[in-house]
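# Observations on chain architecture
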Amino acid sequence: MHDDREEEKKLAALASLKFVEDGQVVGLGSGSTAAYVIQLLGEHVRNGLKIRCISTSLASQNLAKSLGIPITTFDDVHEIDVTIDGADEFDSNLNLIKGKGGALLREKIVASASCKLVIVADSSKQVSVLGRIPLPVEVSRFAHALLTGKMGELGASSVDLRRDAKGDAYVTDEGHLILDCDFGRISDPVALARQLSDTPGVLGHGLFIGMADAVVMAKGHEVFEFTLQAQKKYAV
Ligand code: A5P
């Protein structure tokens, strides 16, 4: 099963490259599926593709640099042509949960500056209702204990401070902490997203509402492309 998932991730990554054109500014996502995209982009850059990239995490940036992909920043660029990123869940409205890898704040900033956001996913990411995994919420260090209680008031049945492999509090690239909040099935993601965004001390949350333009999902050997207008299936 694990190998099947990896194959799906690779297939989705390959299919997503059709969204990238010569001369573009490209947003690089984070996580294992986005890493396949970055590796493929590295091959294309070696073969002459001219792109400049903005990364959603230090890990992606280091990978891209190691492959010779030109990196730029918001100091030089204020609009990204296309970003290709992974997701933890997507629903039929192309609303997403992201952030299991901890890069949610930078991912949302990059997505918000992108003319097009393309999500690459294996088939395990498709859900009918968001909320199968706890929702990552990035919070200020100062407020995290206060916000643990606040998340309960907003409906979370459990709130866990994310920890790293050593058991220490996980610190994001931006220097913040993450609360993983189990809201159960999120029947009204728009309302929850608004409540979270309106909470002082919450610096980002993993609900990406109305941001994705397309989801490229591989299931077995088939690739599906979802947009709000249509669902296409094609072979790569
Ligand atoms: C990173 O913070 C996440 O949003 C990832 O994009 C998401 O967790 C998907 O990762 P995988 O492609 O590794 O499943």
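Overall, antiparallel pairing links the three strands, which are arranged S4-S5-S11 in an open sheet. Strands with a single pairing partner mark the edges of an open sheet, and in this sheet they are strand S4 (89–90) and strand S11 (207–208). Sheet analysis places S4 next to strand S5 (residues 96–97), joined by two bridges and oriented antiparallel. Paired with Glu89 across the two strands is Ile97, which belongs to S5.

By convention here, two paired aromatic rings are described through the distance between centres and the angle between planes. According to the stated counting rule, one finds two aromatic pairs in the structure shown. A centroid spacing of 5.6 Å and a plane angle of 45 degrees characterise the contact between Phe90 and Phe226, whose relative ring orientation is tilted. Within this pair, whereas Phe90 is found in strand S4, its partner Phe226 is found in strand S13 (residues 222–226), the two being separated by 136 residues in sequence. The exposure class of Phe90 is buried, given its relative accessible area of 2%. Considering the side-chain rings of Phe224 and Phe226, the 6.4 Å spacing of their centres and the 15 degrees angle between planes classify their relative orientation as stacked. Linked through ring pairs, Phe90, Phe224 and Phe226 together constitute an aromatic cluster. Between the NZ or CZ atom of Lys98 and the centre of the ring of Phe208, over which it lies, the distance is 5.7 Å. Just above the ring of Phe208 sits the side chain of Lys108; from NZ or CZ to the centre is 4.9 Å.

So, on to the sheet that holds strand S7 (residues 135–139). If you walk across this open sheet you meet the four strands as S8-S9-S7-S10, and the pairing is antiparallel. Of all the strands in the sheet, the pair left with one neighbour each is strand S8 (158–161) and strand S10 (202–205). On average, each strand axis in the sheet is inclined to that of its neighbour by 25 degrees, with strand direction left out of account. Across five bridges, S7 lies against strand S9 (residues 177–182) in antiparallel orientation.

About the criteria used
Residues numbered from 1 in each chain as written. Predicted model: local features only at pLDDT ≥ 70, side-chain atom pairs only at ≥ 80, totals over all residues. Heavy atoms only, no water. Pairing = 2+ DSSP bridges. Helix = DSSP H or I, 4+ residues; strand = E, 2+ residues; numbered from the N terminus. Phe/Tyr/Trp six-rings, centres within 6.5 Å; stacked < 30°, edge-to-face > 60°. Buried < 20%, exposed > 50% of the residue type's maximum accessible area, 1.4 Å probe, protein only. Lys NZ or Arg CZ within 6 Å of the ring centre and 35° of its normal. Axes fitted to C-alpha atoms, helices over the stretch in contact; angles between N-to-C directions.

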